[in-house]
Amino acid sequence: MAWQGIEGHDAIVARFAAAEARGRIAGSYLFVGPPGVGKSTFALALAKALLCEHPAPGLVPCGGCRSCIQAAAGSHPDIDVIGKPDDRATIPLELLIGDDQHRMREGLVWRLLLRPALGSRKVAIILDADHLAEEAANCLLKTLEEPPQAAVIILVGTAVERQLPTIRSRCQIIRFRPLPTATVERILGAEIRLAGGPDDPAVLRLRAMAAAGSLARGRSLADAGVGEFRGRLLAILGRRPLAGVELARDTIAVVEAAGKEAPPRRGRLRFVLETAVDLFRAALRQAVTHETPADPDFHHAAAAWAHDPEACAEALRHTLEALDAVDRNANLTVLVDAWTALLEEPRLARLA
Ligand SMILES: [Zn+2]
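What you are looking at is a predicted structure, and each value in this text was computed from that prediction instead of being measured.

Quick notes on the rules
Within each chain, residues carry numbers counting from 1 in the order of the written sequence. With the structure being a predicted model, the display of local features is reserved for residues of pLDDT at least 70 and the display and counting of side-chain atom pairs for 80 or more, all residues being used for whole-chain, interface and lining totals. What counts as a helix is a DSSP run of H or I of at least four residues, what counts as a strand is a run of E of at least two, and both are numbered from the N terminus. To estimate the expected span of a helix, subtract one from its residue number and multiply by 1.5 Å. Whether a residue is buried, exposed or partly exposed is read from the other C-beta atoms within 10 Å of its own C-beta, which are placed from the backbone; 20 or more gives buried, 12 or fewer gives exposed, and intermediate counts give partly exposed. By construction, the arc corresponds to the directions joining the helix axis to the C-beta atoms. It is the C-beta atoms, placed from the backbone, that decide contacts: two residues are in contact if theirs lie within 7 Å. Under this scheme, a helix contributes an axis fitted over its contacting stretch, all axes are lines through C-alpha atoms, and angles between N-to-C directions fall in the 0 to 180 degree range. We call two directions roughly parallel when the angle between them is under 35 degrees, roughly antiparallel when it is over 145, roughly perpendicular when it lies between 65 and 115, and oblique otherwise. Each crossing is labelled by how the near helix is turned from the far one, with a counterclockwise turn of less than a right angle marking it left-handed and a clockwise turn marking it right-handed. In this classification, Asp, Glu, Lys and Arg are treated as charged, Ala, Val, Leu, Ile, Met, Phe, Trp, Tyr, Cys and Pro as nonpolar, and every other residue, Gly included, as polar. Here the rule is simple: two strands pair whenever DSSP picks up at least two bridges between them. Joining buried Ala, Val, Leu, Ile, Met, Phe, Trp, Tyr and Cys residues through C-beta atoms within 7 Å gives a set, and that set is a nonpolar core.

Trainee: Account for helix 12 (residues 244-256), naming residues and giving values.
Mentor: For helix 12, spanning 13 residues, the distance from its first C-alpha to its last is 18 Å, which sits close to the expected 18 Å at 1.5 Å a residue. All buried positions along helix 12 are accounted for by Leu247, Thr251, Val254 and Val255. In a view along the axis of helix 12, the buried residues occupy a sector of 100°, so they form one face of it. Exposed residues on helix 12 whose side chains face more than 90 degrees from its buried face are Val245 and Ala253. Where helix 12 is buried, its residues touch helix 11 (224-237), helix 13 (262-289) and helix 16 (332-344).

Trainee: Give a description of the packing of helix 12 against helix 16 that names residues and reports values.
Mentor: Look at helix 12 against helix 16: their axes get within 9 Å of each other, and the N-to-C directions meet at 155°. It follows that helix 12 is roughly antiparallel to helix 16 by the angle criterion. The hand of the helix 12/helix 16 crossing is right-handed. Side by side, helix 12 and helix 16 meet where Gly244, Leu247, Ala248, Thr251, Ile252 and Val255 of the first sit next to Leu332, Thr333, Val336, Asp337, Thr340, Ala341, Leu343 and Glu344 of the second. Split by residue class, the contact of helix 12 with helix 16 holds eight nonpolar, four polar and two charged.

Trainee: Outline the sheet that holds strand 3 (residues 122-126), listing residues and values.
Mentor: Here five strands make up an open sheet; going across it, the order is 2-3-4-1-5 and the pairing parallel. Where the open sheet ends on each side, the last strands, each with one partner, are strand 2 (79-82) and strand 5 (172-175). Shown here is a sheet whose adjacent strand axes are inclined to one another by a mean of 20°, direction ignored. For strand 1 (residues 28-32) and strand 5, the ladder comprises four bridges, and the chain directions are parallel. The partner of Leu30 across the bridge, within strand 5, is Ile173.

Trainee: Run through the nonpolar core, naming residues and quoting values.
Mentor: Of all hydrophobic cores here, the largest spans 48 residues; its most connected members are Phe31, Ala43, Ala47, Val123, Ile125, Ile154 and Leu155. A per-element tally of this core places helix 2 (residues 39-51) first, with nine residues. Excluding residues that lie within four positions of it along the chain, Ile154 makes contacts with Tyr29, Phe31, Ala43, Val123 and Ile125. Grouped together as the second largest cluster of nonpolar side chains are 44 residues, Val37, Val184, Val255 and Phe280 included.

Structure, rendered in structure tokens:
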């Protein structure tokens, strides 16, 4: 039975359960791992379990106490969650220490100093920790170093390297791995059946493979525009020298078709870039091991790159940098143009 319905992270659950049993829960944690594997969900489930009034062994919340009911409703006064607003490039300082008029009279750091409302603990969750700018991070340092009594602070990011050294060194690091394909397949299948969607095991299996361990990506593949684009994207990427203009035009079209809102547009661009990253990685692996990629959709495109590991590594680097910029760039069209131009760079093309 999965802990609070969370699959794929049993070792981390066991680690926290053992720490709690020994009274050794730390004051600050940094959760890292690829997007879409359930880090935020895990952080919220952990908060619920840590605050439960009658937990069962194994850090299992009772589900019926005052604390569990409020946690389930998302209105627990001692669970404090902040993250980067969609229209901002970083986590605003005021979310941590209040705005100019209310410095240290509002914000998460200040709220952590207050006594817990229900039990004996408070849990603060800081999402999007990759987007913690230096000034905001500095406000957190003292709190991370000496967390207020019985407070647990959880930062959720994607990679250790993306955190400031001052933050990293003050947190216990918990690494989340990509979910096994079988787990993604099972969860996506259950979701599709629940929604009354078409139940084709072969399609589901391919989607689970394409998700590369991320449930979020598996779900975005159900977004028809994106799912259909994947094949076309791999066809363009598999032609050398790479047709940058065509890649830019088609990528921008699929991003814009997501509507006017920024989050779904970013989601689609992230999907395109992640697919390209997977392809270049698969091609590099093939160059070294001579094994064709596990995902059959990659066979053709990976073969086009595998004989040319240098260009492939270069393309991978540019794509990872573009992926890194998705959440920081207001103008996605400019980002797509820059990315595709780099892939088309004479050097890359000449190597083809
Ligand atoms: Zn409870």
